[in-house]
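Overview (structure and organization)
For reference, the chains in residue letters:
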Amino acid sequence: MSLGFRVSGRIGKPVAEVFDAVVNPKKLSGYFTTIGGASAPLVAGSGVVWWGKVPVEVDEVVKDSRIVLRWDATDADGKPAYKTRIEMNFEPLADGGTFVTIAESGWQEGAVGLKKSYLNCEGWSQMLACMKAYVEYGINLRDGYYRSEMKGEPASENNI
């Protein structure tokens with residue numbers, strides 16, 4: 001068994017606009033990958049870099065519907081040990097909004113996997129809140145949110 005979680009939220013904009021806020025590097029950098037940015041659009045079969053240093057493998061992109069990514073999970077010493085899987089689903093709602101669900105799975109059982117999964121759950125929850133503020137109101141909530149951001153550094157488990 002591997003560890004995983006799911007977070008969800010409603011964003012009051014059409015699915016095409018919400019989906020674009022994730023695949024478009026300029027928009028993603030406006031609320032999530034604010035320090036170091038996103039290197040390229042999310043395209044299936046490609047790799048991108050978030051925050052200027054985090055490699056992300058793009059496995060699947062179904063326009064306005066689904067994105068599947070993989071990235072490194074680190075061991076107790078902070079070294080890449082294996083990959084976790086991130087699945088983002090975008091559901092159009094009858095009221096014109098979009099219900100976004102982000103699930104990440106694949107951490108190995110044990111104290112290290114549990115701790116790191118909790119940290120990522122916090123990060124994806126915060127990403128959804130920041131996406132909502134950015135897409136609906138043009139506000140960057142992430143700016144100065146974490147201690148690291150106040151110092152101009154991307155967030156990591158040691159500086160949030």
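Residues numbered from 1 in each chain as written. Predicted model: local features only at pLDDT ≥ 70, side-chain atom pairs only at ≥ 80, totals over all residues. Heavy atoms only, no water.

1. Considerations on the overall build of the chain
In terms of regular secondary structure, the chain is built from four helices and six strands. In the chain, the succession of α and β elements from N to C terminus is β-α-α-β-β-β-β-β-α-α. Its C-alpha atoms give the chain a radius of gyration of 15 Å, near enough to 15 Å, the size a compact globule of 160 residues would have. Summarising its shape, the C-alpha atoms of the chain cover approximately 45 × 35 × 25 Å along the three principal directions. With 160 residues in all, the chain has 40% of them scored as buried. (Helix = DSSP H or I, 4+ residues; strand = E, 2+ residues; numbered from the N terminus. Rg over C-alpha atoms; globule rule 2.2 N^0.38 Å. Buried < 20%, exposed > 50% of the residue type's maximum accessible area, 1.4 Å probe, protein only.)

2. Describing the packing of aromatic side chains
Under the defined criterion, the tally for this structure stands at eleven aromatic pairs. Centre to centre, the rings of phenylalanine 32 and tryptophan 51 are 5.1 Å apart; their planes meet at 70°, and the pair counts as edge-to-face. Residue phenylalanine 32 is located in the loop between helix H2 (25–28) and strand E2 (47–50), and its partner tryptophan 51 is located in the loop between E2 and strand E3 (54–62); the two are separated by 19 residues in the primary sequence. Each ring, one from tryptophan 51 and one from tryptophan 71, has its centre 6.3 Å from the other, and the planes form 35°; the classification is tilted. Taken together, the residues tryptophan 51 in the loop between E2 and E3 and tryptophan 71 in strand E4 (residues 66–74) connect sequence positions 20 residues apart. (Phe/Tyr/Trp six-rings, centres within 6.5 Å; stacked < 30°, edge-to-face > 60°.)

This is a description of form; function is not addressed.
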